[in-house]
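# Per-entry structural report
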Amino acid sequence: MTAVVLDGKACAAEVEAEVSAQVAELAEAGVHPHLAVVIVGDDPASHIYVSGKERACARVGIRSTRIDLPADTDFSRVVSTVEELNANDDVHGILVQSPLPKGMDELAVTDLIDPAKDVDGFHPSNLGRLVQGRVDGMVPCTPAGIVHLLNWGGVELSGKRAVVIGRSRIVGTPVSLLLARKGVDSTVSVAHSRTADLAGLCRQADILVAAVGRAELVRADWVKPGAAVIDVGVNRVDDDSERGYHLAGDVHPEVSAVAGTISPVPGGVGPMTIAMLMRNTVRAAFNQSK
Ligand code: NAP
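Each value, and the rule that gives it
Residues numbered from 1 in each chain as written. Predicted model: local features only at pLDDT ≥ 70, side-chain atom pairs only at ≥ 80, totals over all residues. Heavy atoms only, no water. Near = heavy atom within 4 Å. Polar contact = N/O pair within 3.5 Å; in protein donor to acceptor, adjacent residues only side chain to side chain. Areas by Shrake-Rupley, 256 points an atom, 1.4 Å probe, with all protein chains shown as cover. Patch = residues over 30% accessible without salt bridge, like charges linked within 9 Å, V, L, I, M, F, W, Y side chains within 5 Å. Salt bridge = Lys/Arg side-chain N within 4 Å of Asp/Glu carboxyl O. Helix = DSSP H or I, 4+ residues; strand = E, 2+ residues; numbered from the N terminus. Buried < 20%, exposed > 50% of the residue type's maximum accessible area, 1.4 Å probe, protein only. Contact = heavy atoms within 4.5 Å. Domains from an automatic or database assignment. Pairing = 2+ DSSP bridges. Axes fitted to C-alpha atoms, helices over the stretch in contact; angles between N-to-C directions.

## Here we look at the site of the ligand
Surrounding the ligand, one finds 20 residues, the nearest of these being Arg167, Ser168, Ser193, Val234 and Thr273. At 3.1 Å, a backbone N or O of Val234 approaches an oxygen atom of the ligand. Contact between the ligand and Thr273: an oxygen atom at 2.8 Å from a side-chain N or O atom of the residue. Within the complex, 71% of the 930 Å² of free accessible area of the ligand lies under protein.

## As for a nonpolar patch on the surface
Where nonpolar side chains cluster on the molecular surface, the patch consists of Tyr49, Val234 and Leu247 and spans about 260 Å² of accessible area. Mapping Tyr49 onto the fold places it in helix H2 (residues 44–60).

## Describing the side chain of Gln97
Mapped onto the elements of the fold, Gln97 is located in the loop between strand S4 (93–96) and helix H4 (106–112). Taking the relative accessible area as the measure of exposure, Gln97 reaches 7% and is therefore buried. Engagement of the side chain of Gln97 in a polar contact is seen with the side chain of Lys53, the distance being 2.8 Å. The contact partners of Gln97, leaving out residues within four places of it in the chain, are Val38, Ile39, Ser46, Tyr49, Val50 and Lys53.

## Observations concerning the domain arrangement of the protein chain
By the assigned domains, the protein chain splits into domain 1 (30–115) and domain 2 (141–270). Using C-alpha coordinates to define each centre, domain 1 is positioned 28 Å away from domain 2.

## With respect to the pairing of strand S10 (residues 245–248)
As paired strands, strand S9 (residues 235–238) and S10 are joined by four bridges and run antiparallel to one another. Paired with Asn235 across the strands is Ala248, a residue of S10. Remark: six residues form the turn of the hairpin made by S9 and S10, two consecutive strands paired antiparallel; Gly244 in that turn has positive phi of roughly 90°.

## Quick look at the sheet that holds strand S2 (residues 34–40)
If you trace the three strands from one edge of the open sheet to the other, you get S3-S2-S4, paired in parallel fashion. Each edge of the open sheet carries a strand with a single partner, namely strand S3 (63–69) and S4. Ignoring strand direction, the axes of neighbouring strands in this sheet form an average angle of 15°. For S2 and S3, the ladder comprises seven bridges, and the chain directions are parallel. Bridge pairing in S3 places Ala36 opposite Thr65. Contacting S2, S3 and S4, H2 runs over the sheet at an angle of about 160° to S3.

## Remarks on the sheet that holds strand S6 (residues 187–191)
Hydrogen bonds along the backbone pair up the strands of a sheet, which may run parallel or antiparallel. Taken in spatial order, the six strands of this open sheet run S1-S11-S8-S7-S5-S6, and their pairing is parallel. In this open sheet, the two edge strands, each paired with only one partner strand, are strand S1 (4–5) and S6. Here two bridges tie strand S8 (residues 228–231) to strand S11 (residues 261–262), and the two strands are oriented parallel to one another. By the bridge assignment for S11, Val229 is matched with Ile262. Packing of helix H7 (residues 172–180) onto the sheet brings it into contact with strand S5 (161–165), S6 and strand S7 (207–210), and relative to S5 it is tilted by some 170°.

## Describing the pattern of salt bridges
Summed over all chains, the structure comprises 10 salt bridges. Glu18 is paired through a salt bridge with Arg279; the nearest N and O atoms lie 3.4 Å apart. Taken together, the residues Glu18 in helix H1 (residues 8–28) and Arg279 in helix H9 (residues 269–289) connect sequence positions 261 residues apart. A salt bridge links Glu106 to Arg169, with the nearest nitrogen and oxygen atoms 3.7 Å apart. Separated by 63 residues along the polypeptide, Glu106 in helix H4 and Arg169 in the loop between S5 and H7 bring together distant segments of the chain. According to the relative accessible area criterion, Arg169 is partly exposed, its value standing at 27%.

Set out below in structure tokens:
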């Protein structure tokens, strides 16, 4: 058996088409969705991610502004930048690209962003809504993209056993909340670095989400035959190629022979994350225009 590939690019393109139509509708009402992205420092991966987000904005007709701050920026400057964006009625969405330079308190920055403009969905009030089972706030983009992709691929979630490897506030925890939510109704276990017999737990999963950051950790004998496997990982692995590295997911390629459906890396969760960011930005603009 070879797993059916969940084509995140195709799914994201459909979401982006919907978002484009919403942008056009808002424009008729005189509202022009505008996303501000703050990037601090020169982490090459962050710059690639931010460029991808800017290109997506251009595709769907969202205005984007990028604010580049040097790595040695004072924390107070980051704070004042966010505060200015909060106060700027012309800006509907604010995203501060992670990671911030060493020593900068990411949570403190997250707390500062106006929840209505928090298109990443990491503000305590947005994550708190999710804990309440509500998805009417800003839902974190990667988790929302994972659930959307599973639904799009026709994967049955209700009553199924899901295992999420990883408990970060960015991916693992919010995706486990989304999967367990009333109406989605998976039965969710959350695994982490202290989980005993991780392979045995994963083998029980009908839906396995790997959000770990360890290249090819999940092996074929960890996976129940026919399971849906979502690979969130983006790991840089050094090699002898001209570039000197390649990207690998958290799931070993051999898993394709066992799983029923699988999301590829690249081309799976990555495009979905960006599409959900576009969706959140339009939702933020709509909410702020009411
Ligand atoms: P993170 O904050 O580092 O969290 C990793 C989680 O994995 C932690 O909960 C950690 O456990 C757990 N873990 C680490 N090693 C483990 C092991 N050997 N066995 C079991 N659990 C283990 O990472 P993240 O931000 O959630 O990101 C995870 C991965 O997804 C990364 O590769 C990242 O690049 C990728 N990502 C991709 C997208 C996308 O759009 N495609 C978006 C976000 C993230 P503890 O809590 O015990 O430390």
